[in-house]
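Next come the chains, spelled out residue by residue.
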Amino acid sequence: MYVYLNNKIVPASDAKVSVFDHGFLYGDGIYETMRVYDGVVFMLDEHIERLYRSASLIGLAIPKKISDIKISIYETLKANSLTNAYVRLTISRGYGPIGLDPELCKEPTFVVMTNEFTGYPKSYYEEGIKLTIASVRRNLREALNPQIKSLNFLNNILAKIEAKQADAYEAIMLNAEGHLTEGTISNIFFVKNGILCTPSVECGILDGITRAMVIDLALKNGLEVKEGIFTPEELYTASEVFITNTTMEVMPARRADKIDKTEFKVGEISKLLLKKYRQEVNGYVKEKKAEDPSLWE
Ligand code: PMP
C-alpha cells in the first residue's frame, strides 16, 4: 500500500510523521473523507471546497493548489490500483516545537491515504442500524464549530464509546440546549407526518455533503423538507430514521435506544432516497468519465 506524504508517494511503511507534528500533539489540523466509485472521486470539488473552509476557520494555509490536491488524490489511487475506495485527506499544522502558537510550524503536513471500500453489511440497509442518544453533548458552535472538520475528534469519540456500550452502531449527540445535532460521523434525518426533518446548521452540525444531496433529492422528488430545531422526543416518535455520510450514503435506523420499544421501519422514504442517491452517483460517475477520459486510462 502507498501513501501520499507531503510531495511524494511512499510505501505505507515509510509514511511517517514526527512526534512533534501538531496534528499529533494537539489535534491541530483538518481532514476530508471521500468515496471513489469506479475510479471517480465522488463530489471531489465539494470536499475540496469544505477542506478550504475548514482550513480558513483554523487559519491554516493549505500548501497546495486545488488542481495539485486533485492530482495527489488520483496519483494515490493509481499507485494503489484502486477504483472502489475511500480516500482520507489529512492536513495538519505540521512539525514544530511544543507550544500552541501555529506559527511554530513552518509547513503543514499533507497526507492522502486510500483503501479499498469493502462496503457495509447488507443487513445495515435491509434491517437498519441501531442508534443511541449519547449523554456527551456536541461541541458548542461558539467553542469549536462542528463546521470545522478538524482532527480534534474527542467529542465524537466519547459519543462513539457510548454507542459501543449501548451496543448501537451510531450515537446521536444533542447540543447544549438538548436539541438533536448529528451522529459521530453522520447527519441524521427522520420522517414525521410525511415531512423529512433534519437538524439545521444552527443546531451545531457539520453540514454534510451527503446531507445536502439528500435534501436536494427529497425536494426534487416532491417531499417536504424541514431543517429545524428538534428534540429527541420528536425522533422517538418518527416513522422512519436514517443517517447519512459519504461512505454510508443513506443508512436506515432500526431503533433508537433509551426509549422503550421504539422500532422504526426501514420505510419507503429511506428506500426511495437511497435509490435516488445511488442513481445520482451513477450519473455523476458517467458524466465525469465523459468529461475527462484521460483520468481512467
Ligand atoms: N457529521 C460528522 C461529525 C461527520 O464526521 C461526517 C462525516 N464527514 C458527517 C456529518 C457527514 O458528512 P459527509 O456527508 O460530508 O460525509
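Residues numbered from 1 in each chain as written. Predicted model: local features only at pLDDT ≥ 70, side-chain atom pairs only at ≥ 80, totals over all residues. Heavy atoms only, no water.

*Asks:* Explain the environment of T118 to me, please; I cannot follow it from the model alone.
*Replies:* Note on placement: T118 falls in the loop between β6 (109-116) and α4 (122-126). Taking relative accessible area as the criterion, T118 reaches 68% and is therefore assigned exposed. Separated by 33 residues in the primary sequence, T118 and A85 have C-alpha atoms spaced 7.8 Å apart. (Helix = DSSP H or I, 4+ residues; strand = E, 2+ residues; numbered from the N terminus. Buried < 20%, exposed > 50% of the residue type's maximum accessible area, 1.4 Å probe, protein only.)

*Asks:* Looking at this structure, how should I read helix α2 (residues 44-57)?
*Replies:* The α-helix winds at 3.6 residues per turn, so residues separated by three or four positions along the chain end up facing the same way. With 14 residues, α2 should reach 20 Å at 1.5 Å per residue; the first-to-last C-alpha distance of 20 Å fits that figure. Looking at the packing, one finds that the buried side of α2 touches β3 (29-37), β4 (40-41), α3 (66-79), β5 (85-92), α6 (209-220) and α8 (268-291). A positive backbone phi angle near 65° is found at G59, which sits one or two residues after α2. (Expected span 1.5 Å × (residues − 1). Contact = heavy atoms within 4.5 Å.)

*Asks:* Before we go on, may I ask you to explain the packing of α2 against α3 in this structure?
*Replies:* Packed helices, taken two at a time, are described by the angle their axes make and the gap between the axes. The N-to-C vectors of α2 and α3 enclose an angle of 120°; their axes lie 11 Å apart at closest approach. Taken together, α2 and α3 sit at an angle that is classed as oblique. α2 and α3 meet at a crossing whose hand is right-handed. On the side of α2, the interface is formed by L44, D45, I48, L51 and Y52, while α3 contributes I66, I69, K70, I73 and Y74. (Axes fitted to C-alpha atoms, helices over the stretch in contact; angles between N-to-C directions. Parallel < 35°, antiparallel > 145°, perpendicular 65-115°, else oblique. Left-handed = near helix turned anticlockwise from the far one by under 90°.)

*Asks:* Whenever I open this one, the domain arrangement of the protein confuses me. Can you help?
*Replies:* Accessible area lost when the parts come together is the quantity often used to give the size of an interface. Here the protein is partitioned into domain 1 (2-116) and domain 2 (122-282). Measuring from the centre of the C-alpha atoms in domain 1 to the corresponding centre in domain 2 gives 26 Å. Taken together, the contact between domain 1 and domain 2 spans 26 residues of the former and 17 residues of the latter. Across the interface of domain 1 and domain 2, roughly 1,800 Å² is buried in total on both sides, 63% from carbon and sulfur atoms. Taken as a group, Y31, F42 and R50 account for 32% of the area that domain 1 buries against domain 2, more than any other trio of residues on that side. At the surface where domain 1 touches domain 2, the tally comes to two salt bridges. Note that R53 and D207 form a salt bridge whose closest N and O atoms lie 2.7 Å from each other. (Domains from an automatic or database assignment. Buried area = accessible area lost by both parts, 1.4 Å probe. Salt bridge = Lys/Arg side-chain N within 4 Å of Asp/Glu carboxyl O.)

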